[in-house]
Amino acid sequence: MKSTVLVGVQWGDEGKGKIIDVLTEGVDVVVRYQGGNNAGHTVEIGSNKYVLHLVPSGIFRPNALCIIGNGVVVDPKALVKEIKELEQSGINFTGRLEVSTRCHLIFKYHSLMDGLRDKNQKIGTTKRGIGPAYADKAARRGIRALEMLDLKRFEERFRNEVDFYNKIFSSHDAELIDANAEWKELADAAIFLKPYITDTVLTINKMAKAKKNILFEGAQGMLLDVDYGTYPFVTSSNTTSGGACTGSGLSPKYIDSVVGVMKAYCTRVGEGPFPTELFGDEGEKLRASGREYGATTGRPRRCGWFDAVSARYSCMINGIDKLAITKLDVLDGYKTLKICNAYNVNGKIVSDMPSDTADIAVAVPVYEEYPGWDTPTSEACSFSDLPENAKKYLQKIAALVESDIGIISVGPNRRQTFVVN
Ligand code: IMP
């Protein structure tokens, strides 16, 4: 396996947590490299269901080292809470987790800024402070994890930033930060996290040189990438495979393969264009059978037909070697399935993703119809077990996105996954 990057091909929520969990069997290191606790990676093992936000999904494999790389923005209080909850359910963290000294931190003022900004320009963010924390990083005023190692320095920096942000909040008649109350919790979090904070760039490079198997766990999806997604309706990090290098400190020459996860249909949470979105009963049917509610915010996800235009573009940018197609079982029982392979943009038929989000917003999907299947797929253990029309549907979407199928998932559990050769 060597170094593999796993990314979401669509707008996030493709079922990456589950695929990562399956791929981490035999993996030495699992690295998160972007995003923050806006992510919600769901892993179901037997009758237990876990939702991870910051901790890499490799934590369920006792031999895997988990790394939160420098490209991740970390809310210290949220990370402490997540570690404690997982420890309570029997997960051992000793020697298993490293957090990069270079991670930028998220504080309450970032979440409040998210709320303020969303009032003016509605993006529908998770309100976890992700965008404002990355903005501070780019503006060179962010506080990094290494500063938590020196409480005096950390406190001074934190209080200065609170002063800065409170001026902004008071000019908007918004809630102010109580620096004393926040600091008390942050100091506790810094003490708790100290043993985990280290220079992960060195660890990752050492592991790569020793030819260890490294899995890079992408969060969100390619269409939410700050450069290539439906800007400005995006998250604030590089969700593409390229982000694995900048977000971890490993050179691209060590990356051996890229796995792209996509649903057999499409979903999106938050605002922004979604050409194949289904409304009314049609959308509700897909939402109900796919249990499409956000793992982080609980928001109902917008649902629609498979969009090959955006997925093809995503596979190209990510350089997908193998596709993991999830939630095939959700399409069981449909008489007819639709796939969008072109957009009608103001009367012009285009098969490449427009770079102007305004064009995507007015795009009318051009659909091709395919016959569905009645036989349930959730018990299938191999490609040959699938109904003929399901096989044809999968082969069609793989051909349209110009990538090969590597894994199929037919249900939420670990065992409902199989490899396709
Ligand atoms: P932010 O990442 O909280 O700034 O939100 C920006 C956009 O990305 C919003 O539309 C969110 O709904 C979306 N988003 C962020 N994280 C996820 C995720 O893990 N899955 C799906 N959508 C996400």
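Quick caveat, the model's predicted, so the values are computed rather than measured.

Regarding the overall build of the chain
Here is step 1: Along its length, the chain carries twelve helices and 20 strands.
Here is step 2: The C-alpha radius of gyration of the chain comes to 21 Å, within 12% of the 22 Å expected for a compact globule of 421 residues.
Here is step 3: Here the C-alpha coordinates of the chain stretch approximately 65 × 50 × 40 Å along the principal axes.
Here is step 4: Burial status across the chain gives 58% buried among its 421 residues.
Here is step 5: The long-range share in the chain, meaning contacts at least 24 apart out of those at least 6 apart in sequence, stands at 75%.

Some points on the domain arrangement of the chain
Here is step 1: Domain annotation for the chain reports domain 1 (3–101 + 197–258), domain 2 (105–193) and domain 3 (262–419).
Here is step 2: Here the C-alpha centroids of domain 1 and domain 3 sit 24 Å apart.
Here is step 3: Taken together, the 38 residues of domain 1 in the interface contact 40 residues of domain 3.
Here is step 4: Counting each side, the surface lost to burial between domain 1 and domain 3 is near 3,000 Å², with a carbon and sulfur contribution of 57%.
Here is step 5: There are two salt bridges connecting domain 1 and domain 3.
Here is step 6: The partner of R301 in a salt bridge is D13, and the shortest N-O contact between them spans 3.4 Å.

Looking at the packing of helix α2 (residues 76–88) against helix α6 (residues 179–193)
Here is step 1: Two numbers describe how α2 lies on α6: the axes approach to 9 Å, and their chain directions differ by 55°. Compared by their axis directions, α2 and α6 come out oblique. Both α2 and α6 take part in a crossing whose hand is left-handed. Contact residues: α2 offers P76, K77, L79, V80, I83, K84 and E87, while α6 offers E182, E185, L186, A189, F192 and L193.
Here is step 2: Of the residues contributing to the contact of α2 with α6, the split by class is eight nonpolar, no polar and five charged.

Digging into the sheet that holds strand β15 (residues 322–326)
In a beta sheet, neighbouring strands pair by backbone hydrogen bonds and run either parallel or antiparallel.
Here is step 1: Strand order in the open sheet made by the ten strands is β9-β7-β5-β2-β10-β1-β11-β15-β19-β20, with mixed pairing throughout. Looking at strand neighbours, the two that pair on one side only are β9 (197–198) and β20 (417–419), the edges of this open sheet.
Here is step 2: Sheet analysis places strand β2 (residues 29–32) next to strand β5 (residues 65–68), joined by four bridges and oriented parallel. Directly across from R32, in β5, lies its bridge partner I68.
Here is step 3: Strands β1 (3–8), β11 (257–263) and β15 of the sheet are contacted by helix α10 (residues 308–318), whose axis makes an angle of about 155° with β1.

As for helix α4 (residues 130–138)
Two residues of an α-helix separated by three or four positions point the same way, owing to the 3.6 residues in each turn.
Here is step 1: Restricting attention to buried positions, one finds in α4 the residues I130, G131, P132, A133, Y134 and D136.
Here is step 2: Close packing links the buried residues of α4 with β6 (73–74), β8 (104–105), α3 (108–120) and α5 (151–171).
Here is step 3: After α4 finishes, the residue R140 shows a positive phi value of roughly 65°.

So, the pattern of salt bridges
Here is step 1: Per the counting criterion, the structure on display carries 21 salt bridges.
Here is step 2: Of the charged contacts in the structure, one is a salt bridge between K77 and E182, with a shortest N-O distance of 3.0 Å. Taken together, the residues K77 in helix α2 and E182 in helix α6 connect sequence positions 105 residues apart.
Here is step 3: Residue class for K77 comes out partly exposed when judged on its relative accessible area of 27%.

Examining the site of the ligand
Here is step 1: Inspection of the region around the ligand gives 15 residues, with D13, N38, T126, T235 and R299 positioned closest.
Here is step 2: The contact in question runs from an oxygen atom of the ligand to an N or O atom on the backbone of I123, over 3.5 Å.
Here is step 3: Its free accessible area being 470 Å², the ligand has 96% of it covered by the protein chains.
Here is step 4: Grouping the constituent residues of the shell around the ligand by class yields six nonpolar, seven polar and two charged.

Section: helix α7 (residues 200–209)
Here is step 1: Buried within α7 are the following residues: T200, V201, T203, I204, N205 and A208.
Here is step 2: Where α7 is buried, its residues meet β2, β5, β7 (97–100), β9 and β10 (214–217).
Here is step 3: At the exit of α7 stands K211, carrying a positive phi of roughly 60°.

Examining the side chain of E147
Here is step 1: Tracing the backbone shows E147 in the loop between α4 and α5.
Here is step 2: By relative accessible area, E147 is classed as buried at 5%.
Here is step 3: Setting aside anything within four residues of it in sequence, one finds E147 in contact with G142, R153, F154 and R157.

Let's talk about unusual backbone geometry
Here is step 1: Residue Y231 is joined to P232 through a cis peptide bond whose omega torsion reads 5°.
Here is step 2: When you line up the elements, P232 lands in the loop between β10 and α8 (243–246).
Here is step 3: One non-glycine residue, D13, lies in positive phi territory at about 60°.
Here is step 4: Note on placement: D13 falls in the loop between β1 and α1 (16–23).
Here is step 5: For D13, a relative accessible area of 22% gives the class partly exposed.
Here is step 6: In this structure, N346 takes a positive phi of about 50° despite not being glycine.
Here is step 7: For N346, the location among the structural elements is in the loop between β16 (336–345) and β17 (348–350).
Here is step 8: By relative accessible area, which is 66% here, N346 ends up exposed.

Here is what the cut-offs are and how they apply
Residues numbered from 1 in each chain as written. Predicted model: local features only at pLDDT ≥ 70, side-chain atom pairs only at ≥ 80, totals over all residues. Heavy atoms only, no water. Helix = DSSP H or I, 4+ residues; strand = E, 2+ residues; numbered from the N terminus. Rg over C-alpha atoms; globule rule 2.2 N^0.38 Å. Buried < 20%, exposed > 50% of the residue type's maximum accessible area, 1.4 Å probe, protein only. Contact = heavy atoms within 4.5 Å. Domains from an automatic or database assignment. Buried area = accessible area lost by both parts, 1.4 Å probe. Salt bridge = Lys/Arg side-chain N within 4 Å of Asp/Glu carboxyl O. Axes fitted to C-alpha atoms, helices over the stretch in contact; angles between N-to-C directions. Parallel < 35°, antiparallel > 145°, perpendicular 65-115°, else oblique. Left-handed = near helix turned anticlockwise from the far one by under 90°. Nonpolar A, V, L, I, M, F, W, Y, C, P; charged D, E, K, R; others polar. Pairing = 2+ DSSP bridges. Near = heavy atom within 4 Å. Polar contact = N/O pair within 3.5 Å; in protein donor to acceptor, adjacent residues only side chain to side chain. Areas by Shrake-Rupley, 256 points an atom, 1.4 Å probe, with all protein chains shown as cover.

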